[in-house]
Amino acid sequence: GEDVEQSLFLSVREGDSSVINCTYTDSSSTYLYWYKQEPGAGLQLLTYIFSNMDMKQDQRLTVLLNKKDKHLSLRIADTQTGDSAIYFCAERVSRDDKIIFGKGTRLHILP
Amino acid sequence: EPEVTQTPSHQVTQMGQEVILRCVPISNHLYFYWYRQILGQKVEFLVSFYNNEISEKSEIFDDQFSVERPDGSNFTLKIRSTKLEDSAMYFCASSEAPQGFGYTFGSGTRLTVV
């Protein structure tokens, strides 16, 4: 079945790069997403990548997709305290309208 | 920037009571969704809605749940007889197209059933 897995916690020093990893199972995924959830807030779409791409860069964010290994990563360059949040990896499969989420990775920034 | 608005932000209800969670999607969006997130768990799909009918629903969305678009702006989720395990954050979302670039989510309603 469809499943998205990601590690639950990541601690990074301010100014370093953060890399959040995710694996998914459904090879018919069309879009893969990264959502950010700050405390008490909703889910904010950070970036997405279409399944026929292998990389997408948007300012401090770089998304890498390895379709063969079904692995997605989000790199945040020059991590700031404002990046502290939960980051959800998610996929949309071609036959469905729904999005399948991972459990989220809590990014903690060390001073 | 257009946003999806959800009310209330927090609702406490007694077990067995009916609750209605309200959402105002982005005005030109045609596809509407409800998701929920039990504390510490994944964000789970509940239901999608298009053209005044349910297009897809999950196993969670049983007969206790219903959705409605009572007018041109609101989209509601009703839970007929709440159970303790319905306690969760409920997110509404909308999108322009079903296979689009991700939905816009609201900030959620935290439902606490006591």
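These figures come from a predicted structure and were not determined experimentally. Residue positions within a chain follow its written sequence, with the count starting from 1. Here chains are named by letter from A upward and ligands by number from 1 upward, in the order in which they appear as written. With the structure being a predicted model, the display of local features is reserved for residues of pLDDT at least 70 and the display and counting of side-chain atom pairs for 80 or more, all residues being used for whole-chain, interface and lining totals. For side-chain calculations, the full set of non-hydrogen atoms in the structure is used, while hydrogens and water are omitted.

A.B. asks: An account of the overall build of chain A is needed here, citing residue identities and associated values.
C.D. replies: Looking only at helices and strands, chain A has 0 helices and 11 strands in total. Order of helices (α) and strands (β) in chain A, N terminus to C terminus: β-β-β-β-β-β-β-β-β-β-β. Atoms counted for the radius of gyration: C-alpha only. Globule rule: 2.2 Å times residue count to the power 0.38. Its C-alpha atoms give chain A a radius of gyration of 13 Å, within 12% of the compact-globule value 13 Å for 111 residues. In this description, contact between two residues means that some pair of their heavy atoms is separated by no more than 4.5 Å. Nonlocal contacts in chain A, meaning residues at least 24 apart in sequence, comprise 57% of its contacts between residues at least 6 apart. In chain A, the 13 positive side-chain charges and the 15 negative ones have mean positions that sit 1 Å from each other. Only DSSP runs of H or I with at least four residues qualify as helices, and only runs of E with at least two residues qualify as strands; both kinds are numbered from the N terminus onward. Note on charges: Lys and Arg go in the positive column, Asp and Glu in the negative column, and His and the chain ends are not counted at all. In plain terms, the charge of a residue is placed at NZ if it is Lys, CZ if Arg, CG if Asp and CD if Glu.

A.B. asks: Kindly report on the overall build of chain B, identifying the contributing residues and their values.
C.D. replies: Each helix and strand in chain B was counted, giving 0 helices and 11 strands. Traced from its N-terminal end to its C-terminal end, chain B shows the element sequence β-β-β-β-β-β-β-β-β-β-β. In terms of C-alpha radius of gyration, chain B reaches 13 Å, essentially the compact-globule figure of 13 Å for 114 residues. With respect to the principal axes defined by its C-alpha atoms, chain B has extents near 35 × 25 × 25 Å.

A.B. asks: How would you summarise the interface of chain B and chain A if you had to cite specific residues and measurements?
C.D. replies: Size of an interface: often given as the accessible area lost when the parts come together. In this complex, chain B contributes 20 residues to the contact, which on the side of chain A involves 25 residues. With both sides pooled, the region where chain B packs onto chain A buries about 1,900 Å², and carbon together with sulfur makes up 50% of that total. The term salt bridge refers to a pairing of a side-chain nitrogen on Lys or Arg with a carboxyl oxygen on Asp or Glu at a separation within 4 Å. The tally of links from chain B across to chain A stands at 2 salt bridges. Measuring nitrogen to oxygen at the nearest pair gives 3.1 Å for the salt bridge that ties K98(A) to E56(B). In protein, a polar contact requires one atom able to donate a hydrogen and another able to accept it; more generally it is a pair of N or O atoms within 3.5 Å, and residues adjacent in sequence count only if both atoms are side-chain atoms. Scanning the region where chain B abuts chain A turns up 8 residue pairs in polar contact (both at pLDDT 80 or more). Of all the secondary-structure elements, those providing two or more residues to the side of chain B that touches chain A are β4 (31-37) and β5 (43-50) of chain B. The element contributing the most residues to the side of chain B that touches chain A is β4(B), with 4 residues. The term buried area means the drop in 1.4 Å probe accessible area that two parts suffer when joined, counted for both and summed.

A.B. asks: If you had to explain the packing of aromatic side chains to someone new, which residues and values would you point to?
C.D. replies: Geometry of aromatic contacts follows a simple scheme: Phe, Tyr and Trp rings, the Trp one being its six-membered ring, pair when their centres are within 6.5 Å, and the pair is stacked under 30 degrees between planes, edge-to-face over 60, tilted otherwise. Applying the stated criterion across every chain, the model contains 20 aromatic pairs over all chains. A ring pair is formed by Y35(A) and F105(B), whose centres lie 5.4 Å apart and whose planes are at 90°; its orientation type is edge-to-face. With Y35(A) in strand β4 (residues 29-37) and F105(B) in strand β10 (residues 104-105), this pair bridges two chains. For every residue, the accessible area (1.4 Å probe, protein chains only) is compared with the maximum for its type, and the residue is labelled buried under 20%, exposed over 50%, or partly exposed between those bounds. Exposure remark for F105(B): the relative accessible area of 7% places this residue in the buried category.

A.B. asks: Tell me about the state of the cysteines, and name the residues and values.
C.D. replies: Pairs of cysteine sulfur atoms within 2.5 Å are identified as disulfides in what follows. As enumerated under the stated definition, the model contains 2 disulfides over all chains in all. Sulfur-sulfur distance for the disulfide between C22(A) and C89(A) comes to 1.9 Å. Here the S-S torsion is close to -65°, and the disulfide linking C22(A) with C89(A) is therefore left-handed. Taken together, the residues span a long stretch of sequence, with C22(A) in strand β3 (residues 18-24) and C89(A) in strand β9 (residues 85-93) at a distance of 67 residues. C89(A) shares its class with C22(A); the two are buried. Put simply, C23(B) and C92(B) are joined by a disulfide, and their sulfur atoms are 1.9 Å apart. The S-S bond linking C23(B) to C92(B) shows a torsion near -65°; that makes this disulfide left-handed. With C23(B) in strand β3 (residues 19-24) and C92(B) in strand β9 (residues 88-95), this residue pair connects regions lying 69 residues apart in the sequence. Each member of the pair C23(B) and C92(B) is classed as buried.

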